[in-house]
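Structural description and commentary
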Protein chains: 2
Amino acid sequence: MSLRPLVDVHTHVYLPRYASWLRSRSVAPKIMSTEGGERLLILENEPSGGRPVGPQYWDRQEKLRFMDLHGIGISFVSTANPWLDFLSAKDAHELALELNNDLEEYCSTGPSYLDSVLKRLYGLGLLPLVPGITIDAIVEAVNQIAAAPHLKGLIMGTKGIGKGLDDEALDPVWQAIEAAGLVVFLHPHYGVDSNAWGDKDNGHVLPLALGFPFETTTATARLILSGVFDRFPSLRILLAHSGGALPQLSSRLASCIDHDPVVASRLKHDARFYLGKLYFDAVAYGPEELGFVSEVVSRSKRFEAGSTVQGEADRREGSRRMLFGTDHPFFPPLTSTEKWKSVVENLEAIASVPGWGTSEKDGVRGGNALSLFGLHI
Amino acid sequence: MSLRPLVDVHTHVYLPRYASWLRSRSVAPKIMSTEGGERLLILENEPSGGRPVGPQYWDRQEKLRFMDLHGIGISFVSTANPWLDFLSAKDAHELALELNNDLEEYCSTGPSYLDSVLKRLYGLGLLPLVPGITIDAIVEAVNQIAAAPHLKGLIMGTKGIGKGLDDEALDPVWQAIEAAGLVVFLHPHYGVDSNAWGDKDNGHVLPLALGFPFETTTATARLILSGVFDRFPSLRILLAHSGGALPQLSSRLASCIDHDPVVASRLKHDARFYLGKLYFDAVAYGPEELGFVSEVVSRSKRFEAGSTVQGEADRREGSRRMLFGTDHPFFPPLTSTEKWKSVVENLEAIASVPGWGTSEKDGVRGGNALSLFGLHI
């Protein structure tokens, strides 16, 4: 560990209070006791009867051990999906406030980062985003997070209060988040209709590899189309899994919008402009993917209305909105190896992006996260 | 026009016989007469009551006029979605054979390309891929196409004979296609469940910009997972819309497979290897997208089992599997301008990919297509 810490912005937890809720349930999401230990069933029709779950999901010492093993200095910890999505408005409201307090304590009572003023653990809180909730209750949670010294943002799924994130009813929520300077970590859970995956048993591969990124892509495209980024230009949204497929489909999205005058007239800029306002985790497992995302971020300035910028995208500039993440405790190693392959691959990918110098790589590994979350060593 | 022709591999037609079928139908897909002219409804719940349809869909003179306007020397014309998917096995079988004859005639009686031995129009035929069809009937159509001098491949949706393209029942079809040396143009139609798009009226934007590429991505990933490329290593598949989201999600796909030993054990290579066996149209509307796809193609050799290849992807090498396309007659201009914006954008994108020299750009504009389809000027 050094004073240029490796910072993990995509790392999950089921706090003990949350795990207890899951254990009390008889339908997914639930934690079940089996002979081989506890298993987590996130969706009812999940293949292979879910996945093993254990202390790496709730025990802070396990999180720190994982961080030490991979040289991670600081982590921004968030509740894993499906968050509070399955609860009644009343339960979601209560549990959001309790879990935000729990997470603040998880961070504040944890260790410091070396001799600095920083902690090793910071948190991204939860909002009670469920149907039937009042907007006031959601804004209450935003303000609670904003007031908690170690919570620097919040994690959010794609359903909003039932109609998705392009629901104008959420405008006061975006406004409160923007005013508080909190970062939104947008994360998938539902994927797409499982009929898409066919009859073959491919385990979790297709819903995880494709369904998750499709969901994030769709949610972000709908946010763009709804004008949220025009109405709340200082909103800072970090996309899971490097934005899914959005970067690669963004010119097609722009072209389709361009061919529909009604839709086009609602937006201030070409769709590709808005990708430069987003942040992308670097959880894409390949250097070519990361290099490409940095190009898409950088080229966004060509697409601001009235822009006269031309020329090639600058991968160095674009890298500033990209941030290392691990997706811990998901994708554990199959055998007890020293390090997790999923983590090593993401670190190797960052280290070998053509066009990124040491300063860009250091930024993606940690500096960009500290800037985004307003921390100074 | 020159002896290095611009070649369009993604250009559609509804032949007169097909358009008549659509006019005879009362449910989608159908062509309806309205006061403002005929309209095409491809899916029953399509927004805006479908889209205008006219001679540009069936009139060969219109196709040639479009080609002349954009300097396109040679086009590989294919029936637009939804092909024969909506027909009974008997009707699909009959119509496939008739339409393949029609398309051969459409090409063979058309003009020559300059003074060369080449024609300006070649075709990609149809297979009767519907539930209840016999495999023999499909193979009959493959052989018919193979025997038609101006048909150089076939276009295919993602449903197969009802269970998708990863259905082992299709193995004799792949075998026949591979043996005949025909190119498969894999094209989307269904997208994903429309619940994903939410309540807002965004016209066709989301199903076209995202749903189409999601479908192609899913179908190709399922093909990879089914081992089709291991069993039929000489199969040549051209992906519509630059492979959708597959390039950007391919390392994630590989990682998810890697974490599932059962699925991983079925494949000879890392998932990324198979992307180097595919061909990609250059219909992605941006130079960054095209450059990225060429990297993903090139890096595939690093992922062959046992490979010791290292180092950066070579965009020049990867460009050889990429081919210009227009998607005509879709995405027409909103006003009668000289050229179609959708076409101009794709040409500009090819012209400005960093890392591609003139020879690579010429290849993508035409040379690669002539090689793929075995034509020599």
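Residues numbered from 1 in each chain as written. Chains lettered and ligands numbered in written order. Predicted model: local features only at pLDDT ≥ 70, side-chain atom pairs only at ≥ 80, totals over all residues. Heavy atoms only, no water.

Brief notes about the interface of chain A and chain B
- On the side of chain B, 69 residues touch chain A, which itself brings 69 residues to the contact.
- Taking both partners together, chain A and chain B bury about 5,900 Å²; carbon and sulfur atoms supply 57% of that area.
- The largest share of the area that chain A buries against chain B comes from A:Gln248, A:Arg252 and A:Glu288, three residues that together contribute 14% of it.
- Here chain A is connected to chain B by 12 salt bridges.
- In this structure, A:Lys200 and B:Glu168 form a salt bridge, with 2.6 Å as the shortest nitrogen-oxygen distance.
- In this assembly, chain A and chain B are joined by 29 residue pairs in polar contact (both at pLDDT 80 or more).
- Among the elements of the structure, helix H6 (205–226), helix H8 (246–258), helix H9 (261–265), helix H11 (287–299) and helix H13 (341–351) of chain A are those that each provide at least two residues to the side of chain A that touches chain B.
- Sort the elements by how many residues they give to the side of chain A that touches chain B and H6(A) lands first, with 13 residues. (Contact = heavy atoms within 4.5 Å. Buried area = accessible area lost by both parts, 1.4 Å probe. Salt bridge = Lys/Arg side-chain N within 4 Å of Asp/Glu carboxyl O. Polar contact = N/O pair within 3.5 Å; in protein donor to acceptor, adjacent residues only side chain to side chain. Helix = DSSP H or I, 4+ residues; strand = E, 2+ residues; numbered from the N terminus.)

Examining helix H11 (residues 287–299) of chain B
- Its 13 residues place the ends of H11(B) 18 Å apart at the C-alpha level, agreeing with the 18 Å of an ideal helix rising 1.5 Å per residue.
- Among the 13 residues in H11(B), 13 count as buried, and that is most of the element. (Expected span 1.5 Å × (residues − 1). Buried < 20%, exposed > 50% of the residue type's maximum accessible area, 1.4 Å probe, protein only.)

Regarding the packing of helix H6 (residues 205–226) of chain B against helix H8 (residues 246–258) of chain B
Residues and elements named next belong to chain B.
- The interhelical angle for the contact between H6 and H8, taken along N-to-C directions, is 40°, at an axis separation of 11 Å. Considering their axes alone, H6 and H8 lie oblique with respect to each other. By crossing handedness, the relation of H6 to H8 is classed as right-handed. Two secondary-structure elements touch here, H6 through Thr217, Thr220, Ala221 and Leu225 and H8 through Leu246, Leu253 and Ile257.
- Its residues placed into classes, the contact of H6 with H8 shows five nonpolar, two polar and no charged. (Axes fitted to C-alpha atoms, helices over the stretch in contact; angles between N-to-C directions. Parallel < 35°, antiparallel > 145°, perpendicular 65-115°, else oblique. Left-handed = near helix turned anticlockwise from the far one by under 90°. Nonpolar A, V, L, I, M, F, W, Y, C, P; charged D, E, K, R; others polar.)

Focus on the relation of the copies chain A and chain B
- Relative to chain B, chain A is turned by 180° and slid 0.0 Å along the rotation axis, the superposed coordinates differing by an RMSD of 0.0 Å. Read as a symmetry element, the transformation amounts to a two-fold axis. Of every C-alpha in chain A, the one belonging to A:Ala245 sits nearest the axis of rotation, 2.7 Å from it. (Least-squares fit on C-alpha atoms with pLDDT ≥ 70 in both.)

Section: the pairing of strand E3 (residues 37–41) of chain B
Residues and elements named next belong to chain B.
- In this sheet, E3 lies alongside strand E2 (residues 30–34) in antiparallel orientation, the contact comprising five bridges. Looking across to E3, one finds that Thr34 is bridged to Gly37.
- Linkage of E2 to E3, two consecutive antiparallel strands, is achieved through a turn of two residues.
- Across two bridges, the pairing between E3 and strand E4 (residues 51–52) is antiparallel. Counted as the bridge partner of Leu40 is Arg51 from E4. (Pairing = 2+ DSSP bridges.)

A look at the pattern of salt bridges
- Inspection of the entire model under this criterion finds 40 salt bridges over all chains.
- We note a salt bridge from A:Asp362 to A:Arg4, for which the minimum N-O separation is 3.2 Å. Here A:Asp362, found in helix H14 (residues 358–372), pairs with A:Arg4, found in the segment before strand E1 (6–13); they are 358 residues apart in sequence, far enough to count as distant.
- Judged by its relative accessible area of 63%, A:Arg4 is exposed.
- Between B:Asp166 and B:Arg222 there is a salt bridge; the shortest N-O distance is 2.8 Å. Taken as a pair, B:Asp166 in the loop between strand E7 (151–156) and helix H5 (171–180) and B:Arg222 in helix H6 lie far apart in primary sequence, 56 residues in all. Here B:Asp166 and B:Arg222 have matching classes, each one buried.
- A single network of salt bridges, built from pairs that share partners, joins A:Glu288, A:Glu289, B:Arg299 and B:Arg302.

Digging into the nonpolar core
- Ranked by size, the top nonpolar core spans 263 residues in total, and within it A:Leu127, A:Trp174, A:Ile177, B:Leu127, B:Trp174 and B:Ile177 carry the most contacts.
- Aside from chain neighbours lying at most four places away, what touches B:Trp174 is B:Met156, B:Leu165, B:Val184, B:Leu223, B:Val228, B:Phe232, B:Leu235 and B:Ile237. (Core = buried A, V, L, I, M, F, W, Y, C linked by side-chain atoms within 4.5 Å.)

Brief notes about H8(A)
All names here are of chain A.
- With 13 residues, H8 should reach 18 Å at 1.5 Å per residue; the first-to-last C-alpha distance of 17 Å fits that figure.
- In terms of residue burial, H8 counts as a mostly covered element, since 12 of its 13 residues are buried.
- Buried within H8 are the following residues: Leu246, Pro247, Gln248, Leu249, Ser250, Ser251, Arg252, Leu253, Ala254, Ser255, Cys256 and Ile257.

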